[in-house]
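What follows is each chain in one-letter form.
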Amino acid sequence: MKTFTFKSFALAMSVAVLPHVALADIAADIKHPLWYKAPSAKTMEIAAKDSIDGIVVSDGQRGEPGFPAADLKLTDEQIAKVKAGEFTVGISMGWLGDDWASQQLIGLKESFEKLGIKVVAETNANWDDAKQIADLEAISVLKPDLLVSIPLNGQTTASAYKKISESGTKVVFIDQAVDGMEPGKDYAAIISSDNLALGMYLADALAESLGGKGDVAAMYFANDFYVTNLRYEGFIARVMAKYPDINVVAAAGHNDPNKGQEVAQGVLARYPTLSGMYASWSIPAMGAVTAANVAGRSPSDFKIVNENFDQIVALNMAQNGFIAGISSQRPYDQGVAEATVGALALIGEQTPSYVVVPPLKVTRDTLAEGYKTIYRVDLPAEMSDALSQ
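Everything numeric in this text was worked out from a predicted model, so none of it was measured. (Residues numbered from 1 in each chain as written. Predicted model: local features only at pLDDT ≥ 70, side-chain atom pairs only at ≥ 80, totals over all residues. Heavy atoms only, no water.)

Caption draft 1: Molecular detail of the overall build of the chain. Tallying secondary structure elements over the chain gives 14 helices and 13 strands in all. Radius of gyration (C-alpha) of the chain: 21 Å, near the 21 Å computed for a compact globule of 389 residues. The burial tally for the chain puts 57% of its 389 residues in the buried class. Put simply, 74% of the contacts in the chain that link residues at least 6 apart link residues at least 24 apart. A total of about 15800 Å² of accessible surface is found on the chain, and carbon and sulfur atoms cover 51% of it. Looking at the chain, you have 32 positive and 46 negative side-chain charges, and the mean spots of the two groups are 2 Å apart. (Helix = DSSP H or I, 4+ residues; strand = E, 2+ residues; numbered from the N terminus. Rg over C-alpha atoms; globule rule 2.2 N^0.38 Å. Buried < 20%, exposed > 50% of the residue type's maximum accessible area, 1.4 Å probe, protein only. Contact = heavy atoms within 4.5 Å. Areas by Shrake-Rupley, 256 points an atom, 1.4 Å probe, with all protein chains shown as cover. Lys, Arg positive; Asp, Glu negative; His and termini not counted. Charge placed at Lys NZ, Arg CZ, Asp CG, Glu CD.)

Below you can see the structure in the form of structure tokens.
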């Protein structure tokens, strides 16, 4: 077994169940975020597998097993009952302006329209907890039958969500629940991507782009946000268990996606010979692209991987830029799943408390196929032309 060092004793204990697996180095001086949890024995066992395709990796916040979104169904009788109910719904988003949010809304609205559920409110908190609380209070005045929402902060917004739930509105959470609310009692379900798997696919993509070896860094979202926490943890676990010659030598956090360039520049200044970086999602990843250009790096000697498909990273990938791999949620499919669970809850049907949508790993070789899966249209001409170069 390869000699390795870890940030914490707990991390070493979590991998003790894998005595015959060579483990990658995670530098001892890495400052993991305060919310970081060492990978569990179950996570490490899955992370060591040759392929995680078809495996539900993530459990819910309360340990509940993930239910595959593909298994959610509405019968003709249930659809008729939903339509007859003439239900209303409010949608409270934490932010808008990226493809993840826009595709979520398309999936939600198209599904609600088919089911005869009227959207009476749609709000955008723009990454502001106080704004989201105000949005929720405004929605509560309308007394919708259903609320679909992604909480920006599970602590600060909790009372606002509890108030809506206690008034009789059914609640479906996107990605994470808030403190003090229990599934089946206070809310119907959480619908999320399989975020541990999403992080593991990023490790696969980075390792493949580097030929399985090299020193890399991880740029994570510093705020305690359940789903992004899992992606970082999945990335670290997969590197440790599967790629003994990939060495994570640095980790740094950003608390604002627009600070990706600033954070990446600091990392590259300290570690100028890095071979690659995990750069959280598309906006900070493109900041890392700019930082790499400023540092005089080229796509041939520095690879970046990121979570979530977006036009900007897809174009960079098509143009043979720094973006070497994307592990994406399927936001449209997630919106459909959220609407389906909400409809079931409205007619009194029991729903699984944690529903997962599988992520999609995209490389340049699979970009056209991945684009069609995410957006349901063919690759734009600009990207298609770039791919042919």
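Caption draft 2: Structural detail: the pattern of salt bridges. Counted by the stated rule, this structure contains nine salt bridges. One salt bridge in this structure joins E182 and R62, with 3.7 Å as the shortest N-O distance. Here the residue E182 occupies a position in the loop between β5 (170-174) and β6 (189-193), and R62 occupies one in the loop between α2 (41-47) and β1 (67-68), the gap between them amounting to 120 residues. Classification of E182 by relative accessible area gives partly exposed; the value is 39%. Residue classification places R62 among the partly exposed residues on the basis of a relative accessible area of 34%. Across the pair R297 and D301 runs a salt bridge, and its minimum N-O distance is 3.3 Å. The exposure class of D301 is partly exposed, given its relative accessible area of 37%. (Salt bridge = Lys/Arg side-chain N within 4 Å of Asp/Glu carboxyl O.)

Caption draft 3: Broad picture of the packing of helix α11 (residues 311-318) against helix α13 (residues 367-375). Following both chains from N to C, one finds α11 and α13 inclined at 165°, their axes separated by 11 Å at the closest point. Considering the angle they form, α11 stands roughly antiparallel to α13. α13 is crossed by α11, and the crossing has left-handed handedness. Of the residues in α13, those touching α11 at Q311, A314, M317 and A318 are L367, Y371 and Y375. Residue composition of the contact of α11 with α13, by class: six nonpolar, one polar and no charged. (Axes fitted to C-alpha atoms, helices over the stretch in contact; angles between N-to-C directions. Parallel < 35°, antiparallel > 145°, perpendicular 65-115°, else oblique. Left-handed = near helix turned anticlockwise from the far one by under 90°. Nonpolar A, V, L, I, M, F, W, Y, C, P; charged D, E, K, R; others polar.)

Caption draft 4: Focus on the sheet that holds strand β3 (residues 118-124). Sheet architecture is open: seven strands sit in the order β1-β12-β6-β5-β4-β2-β3, paired in parallel fashion. Where the open sheet ends on each side, the last strands, each with one partner, are β1 and β3. Two elements, β1 and strand β12 (residues 354-357), share two bridges in a ladder whose sense is parallel. Bridge assignment links P68 to a residue of β12, and that residue is V356. (Pairing = 2+ DSSP bridges.)

Caption draft 5: Summary view of the packing of helix α7 (residues 195-209) against helix α8 (residues 226-242). Relative orientation of the contacting elements α7 and α8 amounts to 45°, with a least axis distance of 6 Å. With respect to α8, the axis of α7 lies oblique. When the axes of α7 and α8 are compared, the crossing they make is right-handed. Along the contact surface, α7 presents N195, L196, L198, G199, M200, L202, A203, D204 and L206, while α8 presents V227, L230, R231, E233, G234, F235, R238 and V239.

Caption draft 6: Region of the structure containing the sheet that holds strand β10 (residues 303-307). Judged by pairing direction, the sheet is mixed, and its six strands sit side by side in the order β8-β7-β9-β10-β11-β13 without closing on themselves. The open sheet has two edge strands, β8 (246-254) and β13 (360-362), and neither has a second partner. The sheet shows a mean angle of 20° between the axes of neighbouring strands, taken without regard to direction. Pairing analysis gives four bridges linking β10 to strand β11 (residues 323-328), with the strands arranged parallel. Residue pairing in the sheet places N306 in a bridge with I326 of β11. Against the sheet, helix α10 (residues 282-294) touches β7 (214-221), β8, β9 (276-281), β10 and β11, its axis set at about 145° to β9.

Caption draft 7: Layout of the environment of A251. Relative to the elements of secondary structure, A251 occurs in strand β8. Note on A251: relative accessible area 18%, which makes it buried. Residues A251 and E77 lie 174 residues apart in sequence; the distance between their C-alpha atoms is 52 Å. Not counting chain neighbours up to four residues away, the residues in contact with A251 comprise I30, K31, A218, Y220 and Y232.

Caption draft 8: Highlighting the nonpolar core. Grouped together as the largest cluster of nonpolar side chains are 92 residues, with contacts concentrated most on F112, I117, V148, F173, Y232, F235 and V341. When sequence neighbours within four positions are dropped, the list of residues in contact with Y232 reads I30, H32, P33, W35, Y36, A218, Y220, A251 and Y278. Counting 37 residues, the second largest nonpolar core, distinct from the first, contains A292, L367, I374 and Y375. (Core = buried A, V, L, I, M, F, W, Y, C linked by side-chain atoms within 4.5 Å.)

Caption draft 9: Quick peek at the packing of aromatic side chains. Using the criterion set out here, one finds 16 aromatic pairs in the structure. Here F309 and Y375 contribute two aromatic rings whose centre-to-centre distance is 5.8 Å and whose plane-to-plane angle is 65°, an arrangement assigned as edge-to-face. You can see F309 sitting in the loop between β10 and α11 and its partner Y375 sitting in helix α13, a full 66 residues away along the chain. Here F309 and Y375 have matching classes, each one buried. Seen from their ring centres, Y371 and Y375 are 4.5 Å apart, and the 40° between their planes marks the pair as tilted. Note that Y371 and Y375 are positioned in helix α13 at a spacing of four residues, about one turn of the helix. You can call Y371 buried: its relative accessible area is 5%. Cluster of aromatic residues (ring-pair linked, three or more members): W95, W100, W127, F221 and W281. (Phe/Tyr/Trp six-rings, centres within 6.5 Å; stacked < 30°, edge-to-face > 60°.)

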